[in-house]
Amino acid sequence: MVTKIHPNLEATNAKMNAQGVSVYYGDKKAIDDVSIEVPSKYVTSFIGPSGCGKSTFLRVLNRMNDTIPTARVEGDITLDGEDIYGSNMDVVQLRARVGMVFQKPNPFPKSIYDNIAYGPKIHGFAEGKEELDEVVERSLVRAGLWNEVKDRLTDSGTALSGGQQQRLCIARAIAVDPEVILMDEPCSALDPIATAKIEELIADLNDNYAIVIVTHSMQQAARVSQRTAFFHLGHIVEYGRTSDIFTNPLEQQTQDYITGRYG
Amino acid sequence: MSPAILLLLAVGLGLAGWIAARSRAWAFRRDKDVGRLAALPVYHGWYVALWVIVPLAAFISLWLVASPYLVEQSVLMSPAASDLPAAGFQRDTLLREALAVASGTSPGVFNEAAKPLIEPFREALSRYNLIGILSTLIIGFLCGTWAFLRLKPDFTARTRVEKTVMAALLLASLVAILTTLGIVASLVFETFRFFGMVSPIDFLFGTQWGPDPMGNPQNPDPTRFGAVPLFWGTIFIGAIIAMIVAIPLGLMSAIYLTQYAAPRVRSWLKPALEILAGVPTVVYGYFAALTVAPFIRDLAAMIGISGASSESALAAGLVMGVMIIPFVSSMADDSIAAVPQAMRDGSLAMGATESETIKRVLIPAALPGIVAGIMLAISRAIGETMIVVMAASTAANLSANPLDRMTTVTVQIVKMLTGEGSFDHPATLSAFALGFVLFLVTLGLNFIALRVVKRFREAYD
Ligand SMILES: Nc1ncnc2c1ncn2[C@@H]1O[C@H](COP(=O)(O)OP(=O)(O)O)[C@@H](O)[C@H]1O
Ligand SMILES: [Mg+2]
C-alpha cells in the first residue's frame, strides 16, 4: 500500500528521513514499508488506532528498539543525511541528539536538580558546578517549570505532580540539547490543565527542534502540529499538513478515524 | 490412659455429626417449600463437626492434664497407701514405679513397698479411662445435638464456619509469636541471673574472655568474662571479611542476572546460585577447615608471613562470605528487577550506556532493597556457628590480623552450654547473656531492614 501524500505539501528541510522502513518483532511485522520525513522546526503528529505501530516507529527513530531483543529493523533512516543504523553511528550519541519523552512520566528517583543534570553529566556537556547550575536553570525555564520548582531543586522528582513530572522529563530531554524530540502520548496520563501546559510548551519548543508527537487526541494533533501522519496497520495511510488532513482527508479510512467512526 | 483413643472418638463423633448434618441439609434442600439454603449442605456438615471437635479437643487436653492427678489422688485415698512415707521424693518414686507396672510400661517393681500400690493403680486407671471415654461421648453428643438442632434452611452455616476457620488461623499464627516471646522471656531471665553474678560492665567492656567452668560459682572472676573479643571476632568475621566477599560478588551477580544474562542463562544460573543457600553450613565448614584454611596458611608461609595458624578468621570469613552470596544477590536481584522498566528506558533514551544506567539509576533506585539484603545477610552471618567452629577455632583473640585464630559469640555460646560446668554456673549462664546480645543485634538489623524495604515498596506504588 502506498502512502497518500497531500499534493500541496511544500518542501521542508528534513531533519530525519525514513525510507522503506519495516520493523519486525520476531516473525511478526509491526511496521511495513514506511517512508516519511521529519522536518526541522515543525511538529509532526502521528495519529492512528492503538496497535498500528506508532510507538514502534517512534522508537525506531532513536534506536530505543535496540533494547528489545526480538525487534529487527529494515530500510534506511537518516539524521542529517547520516544513516542512524550505520556502523559509524554511535547509538549513545544518537540518543543524545534524538531525545524521547514517554507516555508515563518517568523521572528518576533523584532530586529535581539531579534529574536535569543527569544527561549533561554523562555526556560531559557541562564542566563544574556553575555551568551545571546554568544548564539546569535554562532547561527548567524552557520547560516552563522553573518558577514552580526553583525553591525546591533538592526535592525528589517523583514528589512532583504528574504534569510537573512530565515537564521535568521534557526539561531533562532538552538539557542535553537534542535536535529532535520524540514524544509518545506525553499527555495521556495527565489532566486537561496539565495537558494544556504541555501543549503550550510544545508550541514554544517548536522553533528550535524537530518534534514528533504520538497522540490519541485529534484536537491535540490539530492544536500542536503542522504535519500529521495517519497510521493504520503498520502503514502510513496519509501524510500532509495537519490542516489538510483534518479538513480534507484523501482516504475514507482517515476520514472515518478523525471523525470518530473508527477505533 | 491413651489419648489416642479419645482423639479417635472425637474424630469419629465429628464425622458422624458431619454426615448427619449434611444429610439434614440435603433434606432441607429436597423440601420444595423452603427455597434456597443459606449455605451449601457441606457447610452445615462442617458447622456441626466443628461444634463436636472443638469442645472435645478442649476437654481432651484438660483431661490429659487432670486425669493423672485424679488417678494419683484416688490411689492415695486407698487403704494400701496408708503406710506410705509422707509426701516427698521417696513417696513419689514408689508411686511412679507402681504406676509404671500398672500401665504396663515396666515389667516389675524394684522396690517391694510399691507392690501393694499396683492393684489400686490398675483399678483407678481403668475407672478413669472409662470416665474419660464416657465424658467424651457425652460432651460430643450434647454439643453435636445442640448444633444440629440449630440447623435450619436459612441458617448461615457458611459464615459461621468461616469465622471458626479464621480463629484457627489466628491461633496458628499466635503459636509462632508466643514461642518467640517464650524464648525471649527465658533468655532474659537467665541473662539477669548471669548479670547478678558478673556485672554487665565487665561483660560488655572487658577484653579478656576465658570463663572457667570449674571455678567457684559463688565468686566468679569478672575479669575473665569480658566479651569484647567475641564481639570483635563476630564483627570481623561476619560483618567485615564475609561482607567484603559477599557484597561485591552478590551485587555483581545480581546485576549480571537482571541486566545482561539471556533468559536461558538466567533460568539455570539463578537457581544454581540459590542452591548455595541450601547447602548445610557444616559442609561449608568442612570446606573452610580442610581446604581454605590450609591453603591460606600455606600461602601466608609462602609470602613470608610466619606464624600463620591453620585456623584463621580469614578462612572462616571467606567461606562464610561465599555462603551468604545468595542472600545478598537474591535481594539485590529482586530490588533491581523491581525498578520500573521506565527508569531504564528513560536513562537509555538520554543517551546513557547500559553500565551508566545501572550505576547511576538502577542501583540508586534499588539501594534500599540492596541495603536491606545486606543487613539480612549480616544478621545471618553473625548468627553462623558451624563454619567458625571448624575454621576459626574457639580461642578468643582480640586482634586485627585476619590470619589469627578468632572466635565468635555463637561459638562461645555452644562452648559454654556444652562445657562441663553445672547449669547455674556463671560460665554456663554467660551463654544466655551472649545469646541475648546476639538476639538484640539481629533483631535490630532485621527491623531496620524491614523498615527500609517497606519504604522502598511505597516509593513505586
Ligand atoms: N516489545 C514487543 N514485542 C512484540 N510485539 C510488540 C512489542 N511492542 C509492540 N508490539 C506489537 O507491535 C504492534 C504495534 O505496537 P505499538 O507500536 O505499540 O502500537 P501503537 O503505539 O500504535 O499503539 C502491536 O501489534 C504490538 O502488539
Ligand atoms: Mg503506543
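Conventions and cut-offs
Residues numbered from 1 in each chain as written. Chains lettered and ligands numbered in written order. Predicted model: local features only at pLDDT ≥ 70, side-chain atom pairs only at ≥ 80, totals over all residues. Heavy atoms only, no water. Helix = DSSP H or I, 4+ residues; strand = E, 2+ residues; numbered from the N terminus. Rg over C-alpha atoms; globule rule 2.2 N^0.38 Å. Buried < 20%, exposed > 50% of the residue type's maximum accessible area, 1.4 Å probe, protein only. Contact = heavy atoms within 4.5 Å. Areas by Shrake-Rupley, 256 points an atom, 1.4 Å probe, with all protein chains shown as cover. Pairing = 2+ DSSP bridges. Axes fitted to C-alpha atoms, helices over the stretch in contact; angles between N-to-C directions. Buried area = accessible area lost by both parts, 1.4 Å probe. Salt bridge = Lys/Arg side-chain N within 4 Å of Asp/Glu carboxyl O. Polar contact = N/O pair within 3.5 Å; in protein donor to acceptor, adjacent residues only side chain to side chain. Near = heavy atom within 4 Å. Left-handed = near helix turned anticlockwise from the far one by under 90°. Nonpolar A, V, L, I, M, F, W, Y, C, P; charged D, E, K, R; others polar. Core = buried A, V, L, I, M, F, W, Y, C linked by side-chain atoms within 4.5 Å. pLDDT = per-residue confidence, 0-100.

Peer 1: Before we move on, could you go through the overall build of chain A and cite the residues and values that matter?
Peer 2: A tally of regular secondary structure across chain A gives ten helices and eleven strands. Its C-alpha radius of gyration of 18 Å places chain A within 12% of the 18 Å reference for a compact globule of 263 residues. Taken over the C-alpha atoms alone, chain A extends approximately 55 × 45 × 35 Å along its principal axes. For chain A, the proportion of its 263 residues judged to be buried stands at 55%. Partitioning the intrachain contacts of chain A with sequence separation of at least 6 by distance along the chain shows that 69% fall at a separation of at least 24. Looking at chain A as shown, the accessible area adds up to about 11200 Å², and 47% of this sits on carbon and sulfur atoms.

Peer 1: Lay out the sheet that holds strand β6 (residues 82-83) of chain A in plain terms, naming residues and giving numbers.
Peer 2: All names here are of chain A. Taken in spatial order, the four strands line up as β3-β2-β5-β6 in an open sheet, and their pairing is antiparallel. Pairing within the sheet leaves two strands with one partner each, and these edge strands are β3 (28-39) and β6. Sheet topology note: the strand β5 (residues 71-79)/β6 ladder contains two bridges and is antiparallel. Looking at β6, one finds that Thr78 is bridged to Asp83. Those strands touched by helix α1 (residues 54-61) are β2 (14-25), β3 and β5, and its axis lies near 120° from that of β2.

Peer 1: How would you summarise the interface of chain A and chain B if you had to cite specific residues and measurements?
Peer 2: Counting from both sides, the interface comprises 24 residues of chain A and, opposite them, 18 residues of chain B. Roughly 1600 Å² of surface becomes buried between chain A and chain B when both sides are summed, with 66% attributable to carbon and sulfur atoms. Our count for the contact surface shared by chain A and chain B stands at zero salt bridges. Across the chain A-chain B interface, the total number found is four residue pairs in polar contact (both at pLDDT 80 or more). Those elements that place two or more of their residues in the side of chain A that touches chain B are α2 (91-97), β7 (98-101), α3 (112-123) and α6 (162-174) of chain A. It is α3 of chain A that provides the largest number of residues to the side of chain A that touches chain B, a total of five residues.

Peer 1: Pulling in residues and values, what's your account of the site of ligand 1?
Peer 2: All names here are of chain A. As a structural note, the neighbourhood of ligand 1 is formed by Tyr25, Lys28, Ala30, Ser50, Gly51, Cys52, Gly53, Lys54, Ser55, Thr56 and Ile68. In the environment of ligand 1, an oxygen atom lies 2.4 Å from a nitrogen or oxygen atom belonging to the side chain of Thr56. Protein contacts shield 64% of the accessible area of ligand 1, which totals 560 Å² for the unbound molecule. If you list the elements that add at least two residues to the shell around ligand 1, you get β3 and α1. Among the elements that line the shell around ligand 1, the one with the most residues is α1, at three residues.

Peer 1: With reference to specific residues and values, describe the pattern of salt bridges.
Peer 2: Scanning the model with the defined rule gives 25 salt bridges over all chains in all. Salt-bridge contacts for Arg241 of chain A lead to Asp244 of chain A; the nearest nitrogen and oxygen are separated by 3.5 Å. Judged by relative accessible area, Arg241 of chain A falls into the partly exposed class, the value being 25%. Classification of Asp244 of chain A by relative accessible area gives buried; the value is 12%. One salt bridge in this structure joins Glu190 of chain B and Arg193 of chain B, with 3.4 Å as the shortest N-O distance. Placement of both Glu190 of chain B and Arg193 of chain B in helix α5 (residues 157-197) is noted, with a separation of three residues, approximately one turn of the helix. On the basis of relative accessible area, Glu190 of chain B is assigned to the buried category, the value being 12%. Looking at Arg193 of chain B, the relative accessible area reads 31%, which means it is partly exposed.

Peer 1: Could you give an account of the packing of α3 of chain A against helix α12 (residues 354-382) of chain B, naming the residues involved and the relevant values?
Peer 2: Close contact between α3 of chain A and α12 of chain B brings their axes to 12 Å; oriented N to C, the two are set at 145°. Of the two possible hands of crossing, α3 of chain A and α12 of chain B adopt the one that is right-handed. Of the residues in α12 of chain B, those touching α3 of chain A at Tyr118, Lys121 and Ile122 of chain A are Glu356, Thr357, Arg360 and Val361 of chain B. A breakdown of the residues in the contact of α3 of chain A with α12 of chain B according to their chemical character gives three nonpolar, one polar and three charged.

Peer 1: Can you break down the pairing of strand β11 (residues 235-241) of chain A residue by residue, with the values?
Peer 2: Residues and elements named next belong to chain A. The buried count for β11 comes to six of seven residues, which makes it a mostly enclosed element. Sheet analysis places strand β1 (residues 4-5) next to β11, joined by two bridges and oriented parallel. Within the sheet, the bridge partner assigned to Ile5 lies in β11 and is Tyr239. Bridge count for strand β10 (residues 227-232) against β11 is six bridges, and the pairing is antiparallel. Paired with Thr228 across the bridge in β11 is Gly240. Hairpin remark: β10 followed by β11, antiparallel, with two residues in the connecting loop; positive phi at Leu233, about 50°.

Peer 1: Which residues make up the nonpolar core, and what are the values?
Peer 2: Residue and element names in this part refer to chain B. Core analysis: the largest hydrophobic core is formed by 82 residues, its most contacted members being Phe203, Ile237, Met320, Ile324, Ile387 and Leu434. Looking at which element gives the most residues to this core, the answer is α12, with 14 residues. Beyond its immediate sequence surroundings of up to four residues, Ile237 is in contact with Ala242, Ala313, Ala316, Gly317, Met320, Val388, Ala392, Met406 and Thr408.

Peer 1: Mind laying out the side chain of His232 of chain A, listing which residues take part and the relevant values?
Peer 2: Residues and elements named next belong to chain A. With respect to the secondary-structure elements, His232 resides in strand β10. What makes His232 buried here is its relative accessible area of 8%. At 3.0 Å, the side chain of His232 forms a polar contact with the side chain of Gln253.

Peer 1: So what about the confidence of the model for chain B? Which residues, and what values?
Peer 2: All names here are of chain B. Chain-level statistics for chain B give a pLDDT mean of 87 and a share of 98% at 70 or above. Of all secondary-structure elements in chain B, the lowest mean pLDDT belongs to helix α3 (residues 89-102), at 83, while helix α11 (residues 341-349) reaches the highest, 94. Across the interface, the model reports ipTM at 0.92; the global pTM reads 0.73.

Peer 1: Explain the pairing of strand β4 (residues 43-47) of chain A to me, using residue names and the numbers behind them.
Peer 2: Residues and elements named next belong to chain A. Where burial is concerned, most of β4 is hidden: five out of the five residues are buried. Residue alternation in β4 divides its side chains into two sets, Val43, Ser45 and Ile47 and Thr44 and Phe46, and both sets are buried. Across four bridges, the pairing between β4 and strand β9 (residues 210-214) is parallel. Residue pairing across strands places Phe46 opposite Val214, the latter belonging to β9. Pairing geometry for β4 and β10, over four bridges, is parallel. Bridge pairing in β10 places Thr44 opposite Arg227.

Peer 1: Lay out the side chain of Thr56 of chain A with the relevant residues and their values.
Peer 2: All names here are of chain A. Of note, Thr56 is situated in helix α1. Given a relative accessible area of 10%, Thr56 falls into the buried group. A polar contact is formed between the side chain of Thr56 and the side chain of Tyr25, at a distance of 2.9 Å. Beyond its immediate stretch of four places on either side in the chain, Thr56 contacts Val23, Tyr25, Ala30, Ile31 and Asn65.

Peer 1: Pulling in residues and values, what's your account of unusual backbone geometry?
Peer 2: All names here are of chain A. Although it is not a glycine, Arg63 adopts a positive phi angle of roughly 60°. Tracing the chain through its elements places Arg63 in the loop between α1 and β5. Looking at Arg63, the relative accessible area reads 14%, which means it is buried. Of note, the phi angle at Asp177 is positive, near 60°, even though the residue is not glycine. Tracing the backbone shows Asp177 in the loop between α6 and β8 (180-184). Residue Asp177 is classed as exposed on the basis of its relative accessible area, which comes to 56%.

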